[in-house]
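The lines below spell out each chain.
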Amino acid sequence: MDNKPFELANPATGVKSLLPVRAGTIGPQVLDISGLPKDHGVFTFDPAFGATASCESKITYIDGDAGVLLYRGYPVDQLAAHSSFMEVAYLLIYGNLPSAKELDTYRGSITRHTMINESLLRFTNGFHHNAHPMAMVSAVVASMSAFYYDSMDIHDPRHREIFSHRIIAKLPTIAAAAHKHALGQPFIYPRNDLAYCANMLNMFFAVPCEPYEVDPVAAQALDLLFILHADHEQNASTSTVRLAGSTGTNPYAAISAGVSALWGPAHGGANEAVLDMLEEIGSAANIPKFLDMAKDKSSHFKLMGFGHRVYKNFDPRAKIIREMCHKVLAKLGQTDNPLFELALRLEEIALKDEYFVSRKLYPNVDFYSGIIYSALKIPRSMYTVMFAIARTVGWVAHWLEMISDPAMRIGRPRQLYTGPTQRDYVAVAKR
Ligand code: SDX
């Protein structure tokens, strides 16, 4: 790759200087503008960070034009076909695929950290019964810092590792506690004889009065969805975790900020919104009306589960989940799923529409995932929580990468000020 420096002249002095150009291992080159304020007295203006690489990272790579997604170099479709969520978690956090022994030890540690303090359970039960589970999860995760203050030294590698195991292990338990609270059912304790996703399903659906068998098809489907949601480089919630974490705040506070950012309908909240939208559309005959609404900027309606900041081609995860829908629905005996049929038809019509074609708007990860969650009988308000459980792995990997970098500084963007210039205070009686 050609790393020719980029020439820039200072308009005030005419002095020319060279901006360094940096190249990653793959992907486009990046202009290093960090010296601009000092050398030229200017800042760059990039609202919503459309043109800004906010950090250097070795975790995940996306080629949005080619529809490629790599975790630590491994294509996500290969991981989806052959790996497991626990193995992917290890890969993202530690950087390499584990040996059999390493994986066993890692699984064992995650399994042994699944219980939560009984006070956290009482805290969960204090919420109103119809509180949205994302509100409960973000609050309970933030409150974990009140329980583990003796192991939150962000400069201690062992403390960081204990945090990373605790948060990944306990998130399903916290989610299940929120679910049981909403239902008014007793909390079901984690079972160490079950794998990560099977244990989560058991905590969600078992009741104390009768035996419950986890359906292996459901556990496998969830594991696959979790692999696909585990990381996506500097998306809004991960960037939130990094920015919050850069202040030196404790990691539970940073992850809680990430959960809150994920909740928005433009981000992880879209999986819940897609199913609401499909139900509202109701039948294929209404699709053109809703597409017209999505094209009308004054309507504030967007086709949920469509479009992406980085993908200008198929989101590879959406393709995999669409195929998964066919297989999982067949295995669960739910081939006649009207919402899936409607989603397929919507995709087909939108991808022939000039508006979506010219803007390169394709289905994203959130478009089909809700179909699977609903087939697994996971309540709709829990869909974004499912995303949060899987993405916690990515958040942790990015937080660890940032915190262990000796050059880490607090994140602090600047602004283009357009408010009033200096003016003098006028006493209230004279206004
Ligand atoms: C996730 O970033 C990540 O990596 C996120 C994620 C992850 O794994 O972390 O992939 C997960 O958040 C997926 C996205 C889920 N959100 C949705 O499905 C909500 C619907 N989509 C959009 O709101 C939108 O596409 C975004 C938020 C996903 C992307 O927003 P951008 O990059 O700011 O795109 P844009 O708004 O600039 O869109 C460009 C054009 C605009 O039209 P014009 O002004 O050029 O005429 O496309 C239009 C937009 O209005 N557009 C849509 C649309 N998405 C974009 N029009 C109708 N329906 C849509 N869904």
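Residues numbered from 1 in each chain as written. Predicted model: local features only at pLDDT ≥ 70, side-chain atom pairs only at ≥ 80, totals over all residues. Heavy atoms only, no water.

Draft legend 1. Expanded view of the overall build of the chain. Looking only at helices and strands, the chain has 18 helices and 7 strands in total. In terms of overall dimensions, the chain is globule-like: its C-alpha atoms have a radius of gyration of 24 Å, near the 22 Å expected for 431 residues. Principal axes of the C-alpha set define a box for the chain whose edges measure 80 × 65 × 60 Å. The contacts of the chain with a sequence gap of at least 6 include a subset with a gap of at least 24, amounting to 70%. Only carbon and sulfur atoms are counted for the fraction: they give 55% of the accessible area of the chain, which is about 21800 Å². Averaging the positions of the 41 positive and the 42 negative side-chain charges in the chain gives two centres separated by 5 Å. (Helix = DSSP H or I, 4+ residues; strand = E, 2+ residues; numbered from the N terminus. Rg over C-alpha atoms; globule rule 2.2 N^0.38 Å. Contact = heavy atoms within 4.5 Å. Areas by Shrake-Rupley, 256 points an atom, 1.4 Å probe, with all protein chains shown as cover. Lys, Arg positive; Asp, Glu negative; His and termini not counted. Charge placed at Lys NZ, Arg CZ, Asp CG, Glu CD.)

Draft legend 2. How the structure looks around the layout of surface pockets. In this model, the second largest pocket occupies a volume close to 310 Å³. Lining the second largest pocket are 15 residues, with Gln 220, Ala 221, Leu 224, Met 324 and Lys 331 positioned closest to its centre. At the level of secondary structure, the elements contributing two or more residues to the lining of the second largest pocket comprise helix H2 (76-82), helix H9 (216-229) and helix H14 (316-331). Class assignment for the residues of the lining of the second largest pocket results in 9 nonpolar, 2 polar and 4 charged. (1 Å grid on protein atoms, 1.4 Å probe; cavity = no way out; pocket = protein on both sides within 12 Å on 5 of 7 lines; lining within 4 Å. Points joined across faces, edges and corners; volume = space filled by probe spheres on them. Nonpolar A, V, L, I, M, F, W, Y, C, P; charged D, E, K, R; others polar.)

Draft legend 3. The pattern of salt bridges, seen in detail. As enumerated under the stated definition, the model contains 14 salt bridges in all. Ionic pairing is found between Glu 56 and Arg 22, a salt bridge with its closest N-O pair at 2.7 Å. Here the residue Glu 56 occupies a position in the loop between helix H1 (36-40) and strand S5 (60-63), and Arg 22 occupies one in strand S3 (residues 21-22), the gap between them amounting to 34 residues. Given a relative accessible area of 53%, Glu 56 falls into the exposed group. The partner of Lys 295 in a salt bridge is Asp 292, with the nearest N and O atoms 3.8 Å apart. Pair noted here: Lys 295 and Asp 292 are both in helix H13 (residues 287-295), with a separation of 3 residues, about one helical turn. (Salt bridge = Lys/Arg side-chain N within 4 Å of Asp/Glu carboxyl O. Buried < 20%, exposed > 50% of the residue type's maximum accessible area, 1.4 Å probe, protein only.)

Draft legend 4. A look at the pairing of strand S2 (residues 16-19). In terms of strand pairing, strand S1 (residues 6-9) meets S2 through 4 bridges, oriented antiparallel. Looking at S2, one finds that Phe 6 is bridged to Leu 19. Taking the residues between adjacent antiparallel strands as the criterion, S1 and S2 are bridged by 6 residues, where Gly 14 takes a positive phi near 75°. (Pairing = 2+ DSSP bridges.)

Draft legend 5. Looking closely at helix H15 (residues 338-350). Over its 13 residues, H15 extends 18 Å from the first C-alpha to the last, a length consistent with the 18 Å expected when each residue adds 1.5 Å. Residues of H15 that are buried include every one of Phe 340, Leu 342, Ala 343, Leu 346, Glu 347 and Ala 350, and no others. Seen along its axis, H15 keeps its buried residues to an arc of 160°; they face one direction. Residue Asn 337 occupies the N-cap position of H15, its side-chain oxygen lying 3.1 Å from the main-chain nitrogen of Leu 339. (Expected span 1.5 Å × (residues − 1). Arc of directions from axis to C-beta. Polar contact = N/O pair within 3.5 Å; in protein donor to acceptor, adjacent residues only side chain to side chain.)

Draft legend 6. How the structure looks around the site of the ligand. Inspection of the region around the ligand gives 25 residues, with His 232, His 308, Arg 309, Arg 317 and Arg 391 positioned closest. One nitrogen or oxygen atom from the side chain of Arg 309 is found 2.7 Å from an oxygen atom belonging to the ligand. In the environment of the ligand, an oxygen atom lies 2.9 Å from a nitrogen or oxygen atom belonging to the side chain of Asn 364. Starting from 1100 Å² of accessible surface for the ligand in isolation, the protein chains cover 76%. At the level of elements, helix H17 (365-375) and helix H18 (383-403) are the ones that each hand at least two residues to the shell around the ligand. (Near = heavy atom within 4 Å.)

Draft legend 7. Summary view of the packing of H15 against H17. The N-to-C vectors of H15 and H17 enclose an angle of 165°; their axes lie 10 Å apart at closest approach. One finds that H15 runs roughly antiparallel with respect to H17. Every pair of crossing elements has a handedness; the one defined by H15 and H17 is left-handed. Side by side, H15 and H17 meet where Leu 339, Phe 340, Ala 343, Leu 344, Leu 346 and Glu 347 of the first sit next to Phe 367, Tyr 368 and Ile 371 of the second. Here the residues of the contact of H15 with H17 sort into 8 nonpolar, no polar and 1 charged. (Axes fitted to C-alpha atoms, helices over the stretch in contact; angles between N-to-C directions. Parallel < 35°, antiparallel > 145°, perpendicular 65-115°, else oblique. Left-handed = near helix turned anticlockwise from the far one by under 90°.)

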